[in-house]
Structure formats: structure tokens, C-alpha cells
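A closer look at the structure
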Amino acid sequence: MSLQIKNLSKSYGAQLALSDINIQIEKNEIIGLLGPNGAGKSTLMKSIAGVLDIEQGEILLDNESIKANEIRTKNRIGYLPEHNPLYQEMYVREYLNFVASLHNVSDERIEKVIDLVGITSEKTKKIHQLSKGYKQRIGLAQAILHQPDLLILDEPTNGLDPNQIIEIRQIIKAIGESKTVLLSTHIMQEVETLCSRVILIHKGQVVQDAPIEDFRGKYRNVEDAFVHYTK
Ligand code: ADP
């Protein structure tokens, strides 16, 4: 899988959110997207996931424009948005059946994903009855049901307790062995645990794009890394 982001810019009215972003992803790896609040991480992820219209620049998945080939490319991308929107009144299995029907995913695959993300014990419950950690697993399940080549996870461990964070990271790590994962986070330790590459964005621009070795052990936290790269 290759993903090319070329000269991507995005404004919300007068607010510039992304400014001439260029990123190339060529192999299966877990990439950490870091940036302070308001840096443009969610806007970038939404653009790749096809949730936001691309006005300036282009995004190519295996040389195919995601804008011009929306359905085909969306079939190959999984997306867990920030705040994990779920239908709270649905039963877990009912919700996954619904998502699966959109992608023509088999019953067998649904069961496999339920097992992979560890929600077997919860599958007959209503979504609103679940803990935040289990809800996040359902968010992950809906993102991977159709076996996407590229998985986009917007702050997947935000708001979870330490045990839940470890469990979700293990699932992401397992998925990342065969897929490309782009995840945003504020936690440097998360990046060091999961990612092989780090992209720092600041005020809508890429300020650093480097292998994790350039970061490992060097910064106490994301803020320190930013001070270093933006001073
Ligand atoms: P991050 O995910 O890094 O916190 P965002 O992509 O959410 O950053 O936001 C980038 C900038 O765009 C911020 O200044 C934010 O306030 C602005 N922004 C994001 N979404 C909207 C929107 N729907 N309308 C107006 N401004 C927005």
C-alpha cells in the first residue's frame, strides 16, 4: 500500500487548519501523528478518511485519487474518529452486523473481529452499557471489519484507564503487523511503544517526519519534542 499526500491545504473559513502538507507512506508500519491541540491532526485524518472534502492538494492511495475514486478507496481505509461515535442504543452484535452490511462482510469475519478485539463477553449487550474501554474496542472493530489496508485512528487511547490503554495498544500492535496504521496521540510513551515512524505537525504544517529511533528516549513528553523542533 502506498499513500501520498501532496500539497494538502485546508481552511475552515478564515481558520487555516492544514498548510501545504506533503507526506509519503510506502510500507506497512505504525505511524504516530503528534501535535498540540489545534495542530491539524484530526483535519488531516478526516481528509485521508474521505470525511472532509479535499479542496486544495490531493491524496493518492496506490496512485488513485481518493477524491476521484471515493467508494473504491474508502473500501480500503478504516477510520476510528476522535470521540468514537457509536449508536448507543444498538446491541453490540447488531451494530457490527449493520457496519458489516455496508461492506458486504461475512458473518464469519464479524466473529473473527469480535474475537480479535476481545468483545466476546460483551456482544449481546447494548453499547451504552459498556465501559469506555469496551466501547473503544467496538470502534476498532468497526474500523477493521472490512480488512482495510490503511487504518486511521484518532486518539484511540484517549480517556481510557491504564489497563484499558495497554489492552488497546496490544490490539493496535497486532493489527499493525500486517497493515499501515496512522494514529494520533498526545502520549510520547505510546509512540515509543507502538510506532516505527513519527510525524509531528504544528500549526497545520509538518515540522518533523522521522524514524522513531530519532525520538526514542530523547524526550520526556510530546511537549519537549515540540520545543526542540519548533524553537
Ligand atoms: P487537532 O486534531 O490537532 O487538535 P484539528 O484538526 O481538530 O486539530 O483543528 C485544526 C484547526 O482547525 C484548529 O484551529 C481548529 O479550531 C480548527 N477547526 C477544526 N475543525 C473545525 C471546524 N469544523 N470549523 C472550524 N474550525 C475548525
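A brief look at the structure comes next. Position numbers for residues count from 1 along each chain, tracking the sequence in the order it is written. The predicted origin of the model limits local features to residues at a pLDDT of at least 70 and limits the giving and counting of side-chain atom pairs to 80 or more, whereas totals for whole chains, interfaces and linings rest on all residues. For the side-chain quantities, the full set of heavy atoms in the structure was used; hydrogens and water were omitted.

**Considerations on the nonpolar core**
Applicable threshold: Among the buried residues, those of types Ala, Val, Leu, Ile, Met, Phe, Trp, Tyr and Cys that are joined through side-chain atoms within 4.5 Å form a nonpolar core. Three labels apply to residues, based on accessible area from a 1.4 Å probe with only protein chains included: buried if under 20% of the type maximum, exposed if over 50%, partly exposed otherwise in between.
Formed by 47 residues in total, the largest nonpolar core has its most connected members in L96 and I138. I5, L8, I21 and Y79 belong to the second-largest nonpolar core, a separate cluster that totals 25 residues.

**Regarding the sheet that holds strand β1 (residues 3-12)**
Applicable threshold: Any two strands with at least two DSSP-identified bridges between them are counted as paired. Each helix is a run of DSSP H or I of at least 4 residues and each strand a run of E of at least 2, with the numbering of both proceeding from the N terminus. In this analysis, two residues are considered to be in contact whenever any of their non-hydrogen atoms come within 4.5 Å of each other. Angular values range over 0 to 180 degrees, each being the angle between N-to-C directions of two axes fitted as lines to C-alpha atoms, with helices fitted over their stretch in contact.
Taking strand neighbours across the sheet as the criterion, the 4 strands line up as β2-β1-β4-β5 in an open arrangement whose pairing is antiparallel. If you trace the sheet from one side to the other, it starts and ends with β2 (15-25) and β5 (64-65), each paired once. Examined bridge by bridge, β1 and strand β4 (residues 56-61) share 5 bridges and lie antiparallel to one another. Note on β4: the bridge partner recorded for K6 is E58. On top of the sheet, helix α1 (residues 41-49) reaches β1, β2 and β4; it is set at about 120° to β1, its chief contact.

**A look at the site of the ligand**
Note the following rule: The criterion for a residue being near a molecule or strand is simple. One of its heavy atoms has to lie within 4 Å of it. Polar contact is defined as a pair of N or O atoms within 3.5 Å, subject to the rule that within protein one atom must be able to donate a hydrogen and the other to accept it, and that residues adjacent in sequence are counted only when both atoms are side-chain atoms. Only the protein chains shown count as cover for residues, with accessible areas throughout obtained via the Shrake-Rupley method and a probe of 1.4 Å.
With respect to spatial proximity, the complete set of residues near the ligand consists of Y12, Q15, A17, P36, N37, G38, A39, G40, K41, S42 and T43. Between the ligand and Q15, the relevant distance is 3.3 Å, taken from an oxygen atom to a side-chain nitrogen or oxygen of the residue. Backbone polar atom of S42 to an oxygen atom of the ligand: 2.8 Å apart, as the coordinates give it. Within the complex, 61% of the 560 Å² of free accessible area of the ligand lies under protein. Listing elements by their share of the shell around the ligand, those giving two or more residues are β2 and α1. Looking at the shell around the ligand element by element, the count peaks at 3 residues for α1.

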